[in-house]
Amino acid sequence: MELPDFMTHANYFSANEFMDKVARVAKRAGAKFVYVALILYYTLQSPNVSKRDKALIIGALGYMISPLDVLPDAYPIVGLSDDLAVLLFVLQRVWANVDPDIQNSAKEKLARWFDEDEMQEAKGDLFGKEK
C-alpha cells in the first residue's frame, strides 16, 4: 500500500479535534493505535523537536482526524489501518525525539481508556525500538 501525501491533511489538525477523535475511536482502534497517536501528540509539544519533524507529526495527526481517508474510518477494522500506517511511519521518523517522559505521558493518558490487559498490548515493542 502506498502512503498518501498526508501533509495535505495538516490543516485538519487541532489539539481539541485530536483528543475528540481519539476518545471516539479508542476502543474500536485498539490500545496500540491510541498509544502511537498519543506519543506523536506529546512529541509535538516537546521543545526539542525540529520544525520539520513537527510538520510531519502535524500532517500525520491531521490525516488521522481528517474525514478524507484512503480507507474511510467507517469500515470496521480496515478503516483505521491507513491511519495507523501513517502514524507508525511518522513515529519511526521522529523516534529519536521520543524520550521516556513522552512515553510515560502517553501511557498515563492511555490508562484512562484501557484496562491493564489492553495496555500491555500497547506497551509492547513498536517496530523493535522500544526505549
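You'll find the structure just up there.
1. A word on the packing of helix α2 (residues 31-44) against helix α4 (residues 81-94)
Two elements in contact, α2 and α4, have axes separated by 10 Å at closest approach and are oriented at 45°. In terms of orientation, α2 lies oblique with respect to α4. Judged by the twist between their axes, the crossing of α2 over α4 is left-handed. Contacts from F33, V36, A37, I39 and L40 in α2 reach D83, L84, L87, L88, V90, L91 and V94 in α4.

2. Section: helix α3 (residues 51-65)
Between the first and last C-alpha of α3 there are 21 Å, a value that for 15 residues agrees with the 21 Å anticipated at 1.5 Å per step. Buried within α3 we find D53, L56, I57, G59, A60, L61, G62, Y63, M64 and I65.

3. Brief notes about the environment of L88
As for its position among the elements, L88 is in helix α4. Spatially, the C-alpha atoms of L88 and A60 are 9.2 Å apart, while their sequence positions differ by 28 residues.

4. Considerations on the packing of α3 against α4
The geometry of a pair of packed helices is captured by two quantities: the angle between their axes and the separation between those axes. Across the interface, α3 lies against α4 with an axial gap of 9 Å and an inter-helix angle of 170°. What the angle tells us is that α3 and α4 run roughly antiparallel. Of the residues in α4, those in contact with R52, D53, L56, I57, A60, L61, Y63 and M64 of α3 are D82, D83, V86, L87, V90, R93 and V94. Residue composition of the contact of α3 with α4, grouped by class: 10 nonpolar, no polar and 5 charged.

Reading the values: rules and limits
- Counting restarts for each chain: residues are numbered from 1 in the order of the written sequence.
- Thresholds applied to this predicted model are a pLDDT of at least 70 for local features of residues and 80 or more for the giving and counting of side-chain atom pairs; totals over whole chains, interfaces and linings are not thresholded and use all residues.
- The side-chain numbers reported here are obtained from all heavy atoms of the structure, hydrogens and water having been left aside.
- All axes here are fitted lines through C-alpha atoms, helices being fitted over the stretch that makes contact, and every angle between N-to-C directions spans 0 to 180 degrees.
- Helix and strand assignments come from DSSP, with helices taken as H or I runs of at least 4 residues and strands as E runs of at least 2, each series counted from the N terminus.
- Relative orientations are named as follows: roughly parallel for angles under 35 degrees, roughly antiparallel for angles over 145 degrees, roughly perpendicular for angles from 65 to 115 degrees, and oblique for any other angle.
- Each helix crossing is assigned a hand: it is left-handed if the near helix lies turned anticlockwise from the far helix by less than a right angle, otherwise right-handed if that turn is clockwise.
- Pairs of residues are marked as contacts when any of their non-hydrogen atoms sit within 4.5 Å.
- Take the number of residues in a helix, subtract one, and multiply by 1.5 Å to get its expected span.
- Throughout, exposure labels follow a simple rule: accessible area from a 1.4 Å probe, protein chains only, divided by the maximum for the residue type, with under 20% read as buried, over 50% as exposed, and the rest as partly exposed.
- Charged residues are taken to be Asp, Glu, Lys and Arg, nonpolar residues to be Ala, Val, Leu, Ile, Met, Phe, Trp, Tyr, Cys and Pro, and polar residues to be all remaining types, Gly included.

The values are spatial; any link to function lies outside them.
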